[in-house]
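Listed below are the residues making up each chain.
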Amino acid sequence: MARKKIALIGAGNIGGTLAHLAALKGLGDIVLFDVVEGIPQGKALDLSQCGAVEGFDAKITGSNDYADIAGADVIIVTAGVARKPGMSRDDLLGINLKVMKAVGEGIAANAPDAFVICITNPLDAMVWALREFSGLPHNKVVGMAGVLDSSRFNHFLAEEFQVSAKDVTSFVLGGHGDTMVPVIEYSTVAGIPVPDLIKQGRSTQERIDAIVQRTRSGGGEIVALLKTGSAFYAPATSAIAMAEAYLGDKKRLLPCAANLTGQYGVDNLYVGVPVIIGKDGVEQVIEIELNEEAKGNLQVSVDAVKELLDACKAIDPSLA
Ligand code: LMR
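These numbers were taken from a predicted model, which means no experiment stands behind them. (Residues numbered from 1 in each chain as written. Predicted model: local features only at pLDDT ≥ 70, side-chain atom pairs only at ≥ 80, totals over all residues.)

Please explain the pairing of strand β1 (residues 5-9) as it appears in this structure.
On a regular strand, each side chain points to the face opposite its neighbour's, so the side chains alternate between the two faces of the sheet. In terms of burial, β1 is largely enclosed, as 5 of its 5 residues are buried. Of the two faces of β1, the one lined by Lys-5, Ala-7 and Ile-9 and the one lined by Ile-6 and Leu-8 are each fully buried. By the bridge criterion, 5 bridges tie β1 to strand β2 (residues 29-33) in an arrangement that is parallel. Considered in β2, the bridge of Lys-5 is made with Asp-29. (Buried ≥ 20, exposed ≤ 12 C-beta atoms within 10 Å, placed from the backbone. Helix = DSSP H or I, 4+ residues; strand = E, 2+ residues; numbered from the N terminus. Pairing = 2+ DSSP bridges.)

As structure tokens, this is what we get:
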């Protein structure tokens, strides 16, 4: 069977981590692309030299030419600028929108059959713009956000209940910004709903509310610590889980920024919702029953994403 090809657009911290994980997991051959000369080539060479120790034989190449992503099965986009302390993700909109135009056109010309996972911020607007610029089918373009946000929520809940993070499941819905919606009612520890654990006295509503808030500002907490950039290990791990779901036709149910066509009362907009990922990309959007508070919070988040799309359209009228 022919090896799969993974193209990584952007050879910064996340791009390098993605390439390392993809090689370690044997996902296929890897092309690391960046517009900056030398960086993708240097990282590709460094990563290739891990193979002799780790025992992987993925062909890892660096490139500044979109032609080298031709025929990619999966493309993960991290290109663009990361925020610095004091900035919101939305502050990156203008600069990263231009990057998405170049990336979208490069994908359309060279790898129109790929499954594309976008990580660039502000995520929900950038994945929408990338889809518009590339013209790929909506089910083949998806944003990595909910997996990361839910993973943060799971981690904090695992610490709170002093259990393995493996036993915690949760959903974070909505946009990947300050308005994201961690849903306590759908968060469980080994199947036991968090509200029941609160009733049992294993935590308090106040402590869980603080965890919800920490999850919402989870990216900013890391930006404030790193000072020179944003998180990269957990974002890369999250995107690789999505790539594996697609490549292995795993039908995983993951929260991702997906295009909605009426679900949750939302149309023609990318926002974080539970979806099934398999060989056809986003195969299904799953609608879950939300209580009035979560519904209201999701609406606030959707409205925030809509504002970002309006800003994109104002900057680039071809998107209107
Ligand atoms: C994250 O959540 O870690 C990323 O979106 C990066 C950021 O700027 O917070």
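Even after reading the chapter, I still don't get unusual backbone geometry, so can you show me in this structure?
Leave glycine aside and you will find that most residues have negative phi; peptide bonds, for their part, are mostly trans. Put simply, Asn-121 and Pro-122 share a cis peptide bond, and its omega is -5°. Mapped onto the elements, Pro-122 comes out in the loop between β5 (115-118) and α5 (123-134). In this structure, Lys-251 takes a positive phi of about 55° despite not being glycine. Here Lys-251 is to be found in the loop between α10 (233-247) and β10 (252-261).

Explain the site of the ligand to me, please; I cannot follow it from the model alone.
Neighbouring residues of the ligand: 13 residues in total, closest Arg-83, Asn-121, Gly-219, Ser-230 and Ala-231. In terms of residue count, helix α9 (residues 218-226) provides more of the shell around the ligand than any other element does, 4 residues in total. Of the residues belonging to the shell around the ligand, the class tally is 6 nonpolar, 5 polar and 2 charged. (Near = placed C-beta within 6 Å. Nonpolar A, V, L, I, M, F, W, Y, C, P; charged D, E, K, R; others polar.)

I tried to follow the UniProt feature "domain: Lactate/malate dehydrogenase C-terminal" (unreviewed entry) in the protein on my own but got confused; where do I start?
The feature "domain: Lactate/malate dehydrogenase C-terminal" (unreviewed entry), as given by UniProt, occupies residues 148-311 in the numbering adopted here. Annotated as 46% helix and 27% strand, the span residues 148-311 places its first and last C-alpha atoms 25 Å apart. (UniProt positions renumbered as here; feature names shortened; annotations may be inferred.)

Explain α5 to me, please; I cannot follow it from the model alone.
One full turn of an α-helix is made of 3.6 residues, so residues set three or four places apart face in the same direction. The end-to-end C-alpha distance of α5 is 16 Å, a good match for the 16 Å that 12 residues give at a rise of 1.5 Å each. Most of α5 is tucked away: 11 of the 12 residues are buried. Among the residues making up α5, those that are buried are Leu-123, Asp-124, Ala-125, Met-126, Val-127, Trp-128, Ala-129, Leu-130, Arg-131, Phe-133 and Ser-134. Gly-135, located one to two residues past α5, shows a positive phi value of around 75°. (Expected span 1.5 Å × (residues − 1).)

For this particular structure, what's the right way to read the environment of Leu-123?
One can find Leu-123 in helix α5. Spatially, the C-alpha atom of Leu-123 lies 9.1 Å from that of Tyr-270, the residues being 147 residues apart in sequence. Here Leu-123 is in contact with Cys-118, Gly-143, Ala-145, His-176 and Ala-257, once residues within four sequence places are set aside. (Contact = placed C-beta atoms within 7 Å.)

Just checking my understanding: could you explain the packing of helix α4 (residues 93-110) against α5 for this structure?
What describes two packed helices is the angle between their axes and the distance between those same axes. At a closest axis distance of 8 Å, the pairing of α4 and α5 adopts a crossing angle of 35°. Considering the relative orientation of α4 and α5, their crossing is right-handed. Residue-level contacts link Leu-93, Asn-96, Leu-97, Met-100, Lys-101, Val-103, Gly-104, Glu-105, Ile-107 and Ala-108 of α4 to Ala-125, Met-126, Ala-129, Leu-130, Phe-133 and Ser-134 of α5. Grouping the constituent residues of the contact of α4 with α5 by class yields 11 nonpolar, 3 polar and 2 charged. (Axes fitted to C-alpha atoms, helices over the stretch in contact; angles between N-to-C directions. Left-handed = near helix turned anticlockwise from the far one by under 90°.)

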